[in-house]
Structure formats: structure tokens, C-alpha cells
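One letter stands for each residue in the lines below.
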Amino acid sequence: MNTKHESRYASSPREVKGMDTQTLRDEFLIETLFEENKVLWTYTHYDRYMVGGAMPRGNAEVTLDTLDILRSDFFLQRREIGIINVGGAGTVVVDGTAYSLSKKEALYIGRGAKEVIFKAENNEEPFFYLNSATAHTSYPVRKISKSEAVVMEMGSPETSNHRMINKLIVNDLLDTCQVQMGLTELKSGSVWNTMPAHTHDRRMEAYFYFDLPEGQAVCHFMGEPQETRHIWMKNHQAIISPPWSIHSGAGTSNYSFIWGMAGENLDYSDMDIEAVSDIR
Ligand SMILES: O=C[C@H](O)[C@@H](O)CC(=O)C(=O)O
Ligand SMILES: [Zn+2]
């Protein structure tokens, strides 16, 4: 077995109010996503969303194995998956067809694909970030290069939140059952993501921070808009955001992050924005 997983149960706003630092981290932070030639998964009970990482090195062929908890014949029997590479060039082979992904390129694989293999290209060091949700039907495999992304410029240098949102696996570009993913890059000198913050009670979300220099950190904010908490995060860590929670962060330097979500209503703009002056 080249795969490992852990489970995270869903928490209510009432419980989260009473959590100390370590309990918050245990419930929401995913500290380790990558281990050489393994696929690591966190199975959440928020819309049964799974957050994972695959890190093939050298000539290894790392397969997407199913897990005992799924009780399925193969991983994608009842699921779909979104993949974004945040490292060097790598290949994902789906039922015999190879898709080459350079840094910041995405691949969607629909329900029913039986064999998925992760490989490094020419000794490069890919990091495949993975999000998976349950799927009611099968949609075609699709690679989305960065030039195909739907790009939105947000924020400004004056409010330290100038950033580019690249929508990659989204319903403007392709059909998925639930998974919607994209990549946001902060402009140099800007530190705030997703500020003004928002909630979307119809969808859970997960954030994965990357390109954060060694020794730097992102302070991620969560919780009900008037009852927030913070969690300090490092490079290549992810955080689960319950549907009722804000999800926003400020870095001690420049960084990028991947957002991924599932639930009902896949319309990106379906969010309730919280005025900055109302957050507590
Ligand atoms: O529901 C959407 C997600 O939270 C992100 O797309 C927000 C984001 O990337 C940003 O504002 O920087
Ligand atoms: Zn959101």
C-alpha cells in the first residue's frame, strides 16, 4: 500500500468557540500532505471532501489506490478528483492516457477512471495537490493549463490584498459534479487573501498554501464572522473550512494558495461577503 489516510469529523460553531490552539489545529489543519512515493489523504466529513497529496520521485510510479474506508473497488468508482501540480513537471496517467502537468496546471478526472498513476518527469520534483468529492455521474477527463484559467484581479496595493484569482476547475470551464478549484497568487507586497472575508453555507472549502518561503508563515483566520479564531500555517499545509466559517489569511511574506470546494450550488459568486469593519 502506498497510501495513508486520516479522518476528520465535522464540528459545529458552538464547539469551535471553546477550542484551544491545539484542538483547533487537530480539527482543521492538515500538517503533512506529501511523503515521497506515497499518496496521503485526509477524509473529511464536510461534504465527504478528501484533501490529499501525491509526491512521486525518480522513476517511481505512484498509483491512486482505493482506501478501506471507501469500500470501493477503485478510488474513483463513486468519486471525482481535481489535481493541481505545485512543483516541477509531472505526469498523470489516466487509464493509459498521459497528461503532462507543469507547475500550476490542473487535471480533472471524472467518476469511473480505474487506473491513475503519478510520475515525475526527468527527475523533476512535482507536488500534486489533490481534492476529491463524491460524484453522481461521470464527466470527461480534462487538463486545464494556466493560460486557460478564468482570471480575476482582486484587491489593491493600498489595502495589501492585491491578488490574481485563477479559476481552473470551475463550472465556467468544465462540468464537474461538485469539485471546484483554483489558484490565487498574491502580488508582491500584498499579504491578505480573501479580505473582505466571506462564507458560503452551501459549500465547504479547503485552502492549501504554497510558494511560501522557508521561515515565513500564513496566519489563517476561521470561525463565524463575529467569533473568529486563527491558525498559524507553514508552506504546503492545508486547512479545512466549514461552510459556516470565514477563510482568509495574512502572510509574513508573499505566497500563493489553492482553494477547492464542494457542496451544492457550484456558482463561484454565491458567497456572503462580510464587511471588514464587522468582523470580530
Ligand atoms: O470561495 C472562493 C474562495 O474562498 C477563494 O477563491 C477566494 C480567494 O481566492 C481570494 O479571495 O483570494
Ligand atoms: Zn470561499
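Residues numbered from 1 in each chain as written. Chains lettered and ligands numbered in written order. Predicted model: local features only at pLDDT ≥ 70, side-chain atom pairs only at ≥ 80, totals over all residues.

(A) The nonpolar core, seen in detail. Grouped together as the largest cluster of nonpolar side chains are 70 residues, with contacts concentrated most on Ile84, Ala106, Leu168, Phe208 and Tyr209. In this structure phenylalanine 208 touches Tyr129, Ala238, Phe257 and Ile258, once residues within four positions along its chain are discounted. (Core = buried A, V, L, I, M, F, W, Y, C linked by C-beta atoms within 7 Å. Buried ≥ 20, exposed ≤ 12 C-beta atoms within 10 Å, placed from the backbone. Contact = placed C-beta atoms within 7 Å.)

(B) Expanded view of the confidence of the model for the protein. Overall, the prediction assigns the protein a mean pLDDT of 98, with 100% of residues at 70 or greater. Among the prediction metrics, the complex's ipTM stands at 0.99, with pTM recorded as 0.98. (pLDDT = per-residue confidence, 0-100.)

(C) Geometry of the sheet that holds strand E10 (residues 116-120). A sheet is described by the order of its strands in space; here four strands give the open sequence E5-E10-E7-E8, paired in antiparallel fashion. Taken across any chain shown, the strands that pair with only one partner, and hence form the sheet edges, are strand E5 (62-63) and strand E8 (97-101). Bridge analysis of strand E7 (residues 90-94) against E10 gives five bridges, and the strand direction is antiparallel. Within E10, the position partnered with valine 93 by the bridge is isoleucine 117. (Pairing = 2+ DSSP bridges. Helix = DSSP H or I, 4+ residues; strand = E, 2+ residues; numbered from the N terminus.)

(D) Fine view of the site of ligand 1. In the vicinity of ligand 1, the contacting residues are Met154, Arg163, Ile165, Gly182, Thr184, Asn193, Thr194, His200, Glu205, His247, Trp259 and Met271. Contributing elements (two or more residues each) for the shell around ligand 1: strand E14 (163-169) and strand E15 (180-186). For the shell around ligand 1, the per-class residue count stands at four nonpolar, six polar and two charged. (Near = placed C-beta within 6 Å. Nonpolar A, V, L, I, M, F, W, Y, C, P; charged D, E, K, R; others polar.)

(E) A look at the sheet that holds strand E16 (residues 192-193). Here we have four strands laid out as an open sheet, ordered E16-E22-E19-E20, and antiparallel in their pairing. A single partner strand is all that each edge strand has here, and the edge strands are E16 and strand E20 (227-233). Inspection of the sheet shows strand E19 (residues 218-224) paired to strand E22 (residues 246-251) by six bridges, in the antiparallel sense. Within the sheet, the bridge partner assigned to phenylalanine 221 lies in E22 and is serine 248.

(F) Summary view of the UniProt feature "binding site: Zn(2+)" (unreviewed entry) in the protein. The sites that UniProt annotates as "binding site: Zn(2+)" (unreviewed entry) are His198, His200, Glu205 and His247. Maximum C-alpha separation among the annotated residues is 11.4 Å over a sequence range of 50 residues, consistent with a single clustered spot. Inspection of the secondary structure assignment puts histidine 200 in the loop between strand E17 (198-199) and strand E18 (203-210). Not counting chain neighbours up to four residues away, the residues in contact with histidine 200 comprise Pro243, Asp270, Met271 and Asp272. Relative to the elements of secondary structure, histidine 247 occurs in strand E22. Not counting the four nearest positions on each side in its chain, histidine 247 is found in contact with Thr194, Glu205, Tyr207, Met222 and Ser241. (UniProt positions renumbered as here; feature names shortened; annotations may be inferred.)

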